[in-house]
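As a plain string of letters, each chain reads:
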There are 2 protein chains.
Amino acid sequence: MADKIYVGLLGLGTIGTGVARIIADHQNKITQVVGQEVVIKTVLDRDIEKCQNFFGDTVNCTDNFDDILNDADISVVVELIGYVPAAKEYISKALSAGKHVVSANKDLVALHGKELMGLAKENKCDFLYEAAVAGGVPILRAITESFASDNIKKVMGIVNGTTNFMMTKMDKEGYSYDEALALAQKLGFAEKNPTSDVDGLDAARKMVILARLAFGTNDITLDDVTIAGIRDVSIEDIKLANRLGYKIKLIGTAEKIGDSVNVEVGPVFVPEAHPLASVNNEMNAVYVVGEALGETMFYGAGAGELPTATAVVSDVMNIAKNILLGITGKNFNDYEVETLIATPEQVINPEFMRLEVTDRAGQFLELAKIFAQAEVSFDKIIQDPLDNGKAIIVIVTHPMSKAQEIEILQAMEDNEDMKLKVHFKVLEG
Amino acid sequence: MADKIYVGLLGLGTIGTGVARIIADHQNKITQVVGQEVVIKTVLDRDIEKCQNFFGDTVNCTDNFDDILNDADISVVVELIGYVPAAKEYISKALSAGKHVVSANKDLVALHGKELMGLAKENKCDFLYEAAVAGGVPILRAITESFASDNIKKVMGIVNGTTNFMMTKMDKEGYSYDEALALAQKLGFAEKNPTSDVDGLDAARKMVILARLAFGTNDITLDDVTIAGIRDVSIEDIKLANRLGYKIKLIGTAEKIGDSVNVEVGPVFVPEAHPLASVNNEMNAVYVVGEALGETMFYGAGAGELPTATAVVSDVMNIAKNILLGITGKNFNDYEVETLIATPEQVINPEFMRLEVTDRAGQFLELAKIFAQAEVSFDKIIQDPLDNGKAIIVIVTHPMSKAQEIEILQAMEDNEDMKLKVHFKVLEG
């Protein structure tokens with residue numbers, strides 16, 4: 001066994017430099033906790049000069065992955081390159097060569113996590129990815145260890161910092177969607193092409209990872225997730241939400257319903273007193289309900305160089321300890337159940353709907369008939385007249401199933417005097 | 001090795017029955033995660049009949065600890081008896097006999113944790129106590145594992161559910177201190193003799209445990225903690241706090257200042273936007289600031305049969321996995337630094353003060369002189385006249401040291417026209 005734990009680092013971007021910084025700055029504590037020094041030996045990056053400028057002579061800089069793969073000293077590979085096909089290739093090769101892997105790559109884990117975990121087991125290797133979901137929130141470890149003795153009923157997360165920042169600006173400072181997006185882009189929270197964030201895809205990937213771990217349903221994929229983003233959320237809806245006692249948040253929900261699981265991402269009306277309602281700006285939080293443990297919430301930075309790098313280094317340390325204890329590749333969470341996806345009849349929530357209707361006698365009766373037909377009742381109603389002979393009707397329903405919702409939406413579509421502008425899920429208080 | 005993991009349970013109170021229930025109800029998941037069945041074999045309780053009524057024939061009920069100590073099948077002892085001298089004796093004997101121990105006993109761990117951990121190491125045994133601090137919040141594991149790669153700067157906790165329930169009733173529903181206490185007692189949150197809760201001692205014990213783990217300062221004891229309770233918090237102060245944009249919470253703080261540590265418990269003015277401000281009712285939360293990870297918060301039930309029992313069973317499962325991996329007594333957190341306690345000059349905070357002064361010209365000048373003398377400046381001032389020729393003066397200071405505070409308090413005491421009614425720490429926004 002080597003006298004130190006040698007790490008190969010793939011990708012020297014923001015998180016990569018953060019990892020190097022933390023290993024250097026906290027060396028004393030890390031060595032004490034692990035029982036041996038943890039050292040970055042080789043860094044893979046296309047820009048070798050940048051790498052050499054950053055590390056000086058202390059690290060080998062290379063653009064050839066084989067320099068890491070074929071180095072018997074290196075026992076842990078940290079993958080931070082992002083691009084999924086390359087990441088998958090490198091990780092597969094590393095695991096096949098008996099090297100343990102830490103990744104912060106949510107796309108990779110959501111898409112190929114099950115396969116890579118299988119490969120890790122086969123090769124008696126560890127494969128950890130705490131940083132892939134809500135970087136600064138140690139939620140994966142909490143779910144697998146602290147909830148080990150409990151049955152998890154529900155996981156709800158604000159797991160995308162960009163959209164949470166935007167919604168906070170809209171709610172607290174009256175920004176429009178476009179203004180909020182422009183500011184997020186200016187501050188570096190959002191990409192030039194913000195699709196992955198604002199359309200809910202990023203959150204959906206994280207919810208797939210959370211759902212697998214929480215419920216042992218390892219066959220869940222992105223295709224099983226109902227995904228909506230925040231493009232339809234207007235200042236008008238945010239004001240209505242506040243008037244009704246809610247905050248609108250982009251929430252990922254993974255829920256056990258009987259033996260089935262429902263996973264969805266979308267804007268949700270969260271009651272003001274709920275812990276998730278006061279998670280603001282770019283912060284993340286994951287709210288977990290256990291059968292025995294009750295409600296818990298884990299709050300922290302969702303992204304950022306150092307928070308994400310801290311999660312990566314904690315995973316590296318975990319593996320380093322396993323190496324020294326001789327138990328790598330042995331301590332897997334083998335909890336697995338059959339993956340059943342909930343039907344539209346099983347998924348039940350109250351719903352917020354905002355409609356524009358022609359302002360004439362009998363119109364509300366039409367609406368009432370549609371809901372009565374679907375056997376759905378109203379919890380709250382607001383009607384405001386508009387200038388153009390139309391009226392706005394806002395409805396919060398009592399809990400109804402997705403199947404009932406589909407029926408109602410269809411009936412509204414068939415009625416030319418009635419236009420459903422938006423509808424969002426409401427979290428029960 | 002036995003074919004199952006056999007547990008000996010000491011004490012069949014609320015938590016004990018919870019532990020039994022969780023092991024029975026979640027048996028399927030527990031067996032999958034551990035890789036072997038976990039079974040309660042013997043229960044120690046004075047009331048053997050109650051034990052037999054609860055378990056039927058499935059468990060041995062005894063009032064003699066030797067039946068557990070001398071049973072080679074039993075590898076894990078769960079201590080839930082509370083009374084410290086007996087708990088300490090049983091745990092010491094169990095560890096000396098090579099049995100692993102799980103405890104939920106904060107008093108025991110705060111008082112004798114270091115000694116018992118030493119005994120565990122000596123005997124190559126595990127000794128875990130996640131349930132001792134904020135039962136339903138997996139904070140000890142988060143601190144030792146997820147923050148392993150980070151230097152923790154500060155831990156702030158609402159770690160006493162009883163007082164948080166009382167403060168919430170006072171803040172939200174205008175209860176007086178006495179009314180809030182009576183309700184807490186009626187609901188079973190507070191003991192008949194509420195001293196340990198309302199005087200801050202319970203929170204202080206938990207903060208000792210948190211401080212040791214967070215900073216590696218294992219020599220911290222209760223004597224190093226500055227402790228104040230909530231008896232002095234009046235509705236008047238709560239209203240003033242709200243007027244100034246704060247919530248008053250009983251907060252335990254453990255803070256690294258240079259190489260020193262300050263641990264204190266007391267009512268704190270928490271800015272309304274701070275995550276701790278919206279932790280209400282009997283819920284607990286621990287807010288941790290890491291050098292790299294930034295701010296995080298862990299929220300959940302502080303007590304209760306099932307949340308606490310869940311934490312206990314997760315510890316048992318952790319040990320069971322270690323037994324099967326052959327690494328019990330090896331995976332200790334060896335992070336330790338010298339324990340230095342901060343001086344009054346090092347501890348710096350803004351302070352809230354409410355004074356009653358004689359309402360006459362020059363009186364405010366006197367007050368201003370006292371603060372100028374101590375080189376402390378005002379952030380906010382409110383003066384309200386009273387009917388009796390007196391006035392109320394409320395001050396929020398800019399940050400000052402404890403040493404400056406002591407100087408100011410002394411000067412106020414020397415002035416007979418000035419009466420300091422209360423003073424509380426203010427958390428900077």
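Values in this document were obtained by computation on a predicted structure and should not be read as measured data.

Parameters at a glance
- Residues numbered from 1 in each chain as written.
- Chains lettered and ligands numbered in written order.
- Predicted model: local features only at pLDDT ≥ 70, side-chain atom pairs only at ≥ 80, totals over all residues.
- Heavy atoms only, no water.
- Helix = DSSP H or I, 4+ residues; strand = E, 2+ residues; numbered from the N terminus.
- Rg over C-alpha atoms; globule rule 2.2 N^0.38 Å.
- Buried < 20%, exposed > 50% of the residue type's maximum accessible area, 1.4 Å probe, protein only.
- Contact = heavy atoms within 4.5 Å.
- Pairing = 2+ DSSP bridges.
- Axes fitted to C-alpha atoms, helices over the stretch in contact; angles between N-to-C directions.
- Left-handed = near helix turned anticlockwise from the far one by under 90°.
- Nonpolar A, V, L, I, M, F, W, Y, C, P; charged D, E, K, R; others polar.
- Disulfide = S-S within 2.5 Å.
- Domains from an automatic or database assignment.
- Buried area = accessible area lost by both parts, 1.4 Å probe.
- Salt bridge = Lys/Arg side-chain N within 4 Å of Asp/Glu carboxyl O.
- Polar contact = N/O pair within 3.5 Å; in protein donor to acceptor, adjacent residues only side chain to side chain.
- Phe/Tyr/Trp six-rings, centres within 6.5 Å; stacked < 30°, edge-to-face > 60°.

A closer look at the overall build of chain A
On a plain count of helices and strands, chain A comes out with 15 helices and 18 strands. A globule of 429 residues ought to have a C-alpha radius of gyration of about 22 Å, and chain A, at 24 Å, matches this closely. The buried share of chain A, reckoned over its 429 residues, is 59%. Once local pairs closer than 6 in sequence are excluded, the contacts in chain A between residues at least 24 apart make up 73%.

What to know about the pairing of strand β11 (residues 283-290) of chain B
If a strand is regular, its side chains alternate between the two faces of the sheet. All names here are of chain B. Within β11, eight of the eight residues are buried, leaving the element largely enclosed by the surrounding structure. Neither face of β11 is left uncovered, since the one carrying M283, A285, Y287 and V289 and the one carrying N284, V286, V288 and G290 both have all their residues buried. When strand β7 (residues 152-158) meets β11, the two strands line up antiparallel, connected through six bridges. Within β11, the residue paired with I158 across the bridge is A285. Here β11 pairs with strand β12 (residues 294-301) via eight bridges, running antiparallel. If you follow V289 over to β12, its bridge partner there is E295. The antiparallel hairpin formed by β11 and β12 contains three residues in its connecting segment.

Notes on the packing of helix α1 (residues 14-25) of chain A against helix α13 (residues 305-325) of chain A
Residue and element names in this part refer to chain A. Two numbers describe how α1 lies on α13: the axes approach to 8 Å, and their chain directions differ by 65 degrees. In this structure, α1 meets α13 at a crossing whose hand is right-handed. Here T14, I15, T17, G18, V19, R21, I22 and I23 of α1 come into contact with α13, specifically with E305, L306, T308, A309, T310, V312 and V313. Split by residue class, the contact of α1 with α13 holds eight nonpolar, five polar and two charged.

Some remarks on the state of the cysteines
Residues and elements named next belong to chain A. Applying the stated criterion across every chain, the model contains two disulfides over all chains. Between the sulfur atoms of C51 and its disulfide partner C61 the distance amounts to 2.0 Å. In this structure, the disulfide formed by C51 and C61 twists by about -75 degrees around the S-S bond and is classed as left-handed. Of this pair, C51 sits in helix α3 (residues 48-55) while C61 sits in strand β3 (residues 60-62), and the two are ten residues apart along the sequence.

Things to note about the domain arrangement of chain A
Residue and element names in this part refer to chain A. Along its sequence, chain A is organised into domain 1 (5-134 + 305-325), domain 2 (139-301) and domain 3 (348-426). If you average the C-alpha positions of domain 1 and of domain 2, the two centres end up 28 Å apart. Approximately 1,400 Å² of surface area, both sides summed, lies buried where domain 1 meets domain 2, with 61% of it carried by carbon and sulfur atoms. Where domain 1 meets domain 2, there are four salt bridges.

So, the interface of chain A and chain B
At the junction of the two partners, chain A supplies 46 residues and chain B supplies 46 residues. Here chain A meets chain B over a buried area of about 4,300 Å², counting both sides, of which 56% is carbon and sulfur. The interface formed by chain A and chain B holds two salt bridges in total. As a salt-bridge pair, R141(A) and E145(B) come within 3.6 Å of each other at their nearest N and O atoms. Between the two partners, chain A and chain B, sit 22 residue pairs in polar contact (both at pLDDT 80 or more). Elements that contribute at least two residues to the side of chain A that touches chain B include exactly α2 (27-34), α7 (139-146), β12 (294-301) and α13 of chain A. In terms of residues, the side of chain A that touches chain B owes the most to one element, α13(A), which gives nine residues. Tallied by class, residues from the side of chain A that touches chain B come to 22 nonpolar, 14 polar and ten charged.

Things to note about the pattern of salt bridges
All names here are of chain A. Overall, the coordinates contain 46 salt bridges over all chains when judged by the stated rule. For K88, the salt bridge is made with E115, and the minimal N-O distance between the two is 3.2 Å. In this pair, K88 sits in helix α5 (residues 84-96) while E115 sits in helix α6 (residues 106-122), placing the two residues 27 residues apart along the sequence. Take K88: its relative accessible area is 21%, and that puts it in the partly exposed class. Judged by its relative accessible area of 47%, E115 falls in the partly exposed class. Residue K93 pairs with E89 through a salt bridge whose shortest N-O separation is 2.8 Å. Residue K93 and its partner E89 are located together in helix α5, separated by four residues, close to a single helical turn. For K93, a relative accessible area of 35% puts it in the partly exposed group. Salt bridges sharing partners connect three or more residues here, namely K41, D71 and D73.

Description of the side chain of D315(B)
Residues and elements named next belong to chain B. Checked against the element boundaries, D315 lands in helix α13 (residues 305-325). In terms of polar contacts, D315 uses its side chain to reach the backbone amide nitrogen of Y129, at 3.4 Å. The contact partners of D315, leaving out residues within four places of it in the chain, are V102, L128, Y129, E130, A131 and R141.

Looking at the packing of aromatic side chains
Residue and element names in this part refer to chain B. Applying the stated criterion across every chain, the model contains 21 aromatic pairs over all chains. Taken together, a centroid distance of 4.9 Å and an interplanar angle of 80 degrees make the contact between F54 and F55 edge-to-face. Residue class for F54 comes out partly exposed when judged on its relative accessible area of 34%. When its relative accessible area of 12% is taken as the criterion, F55 is described as buried.

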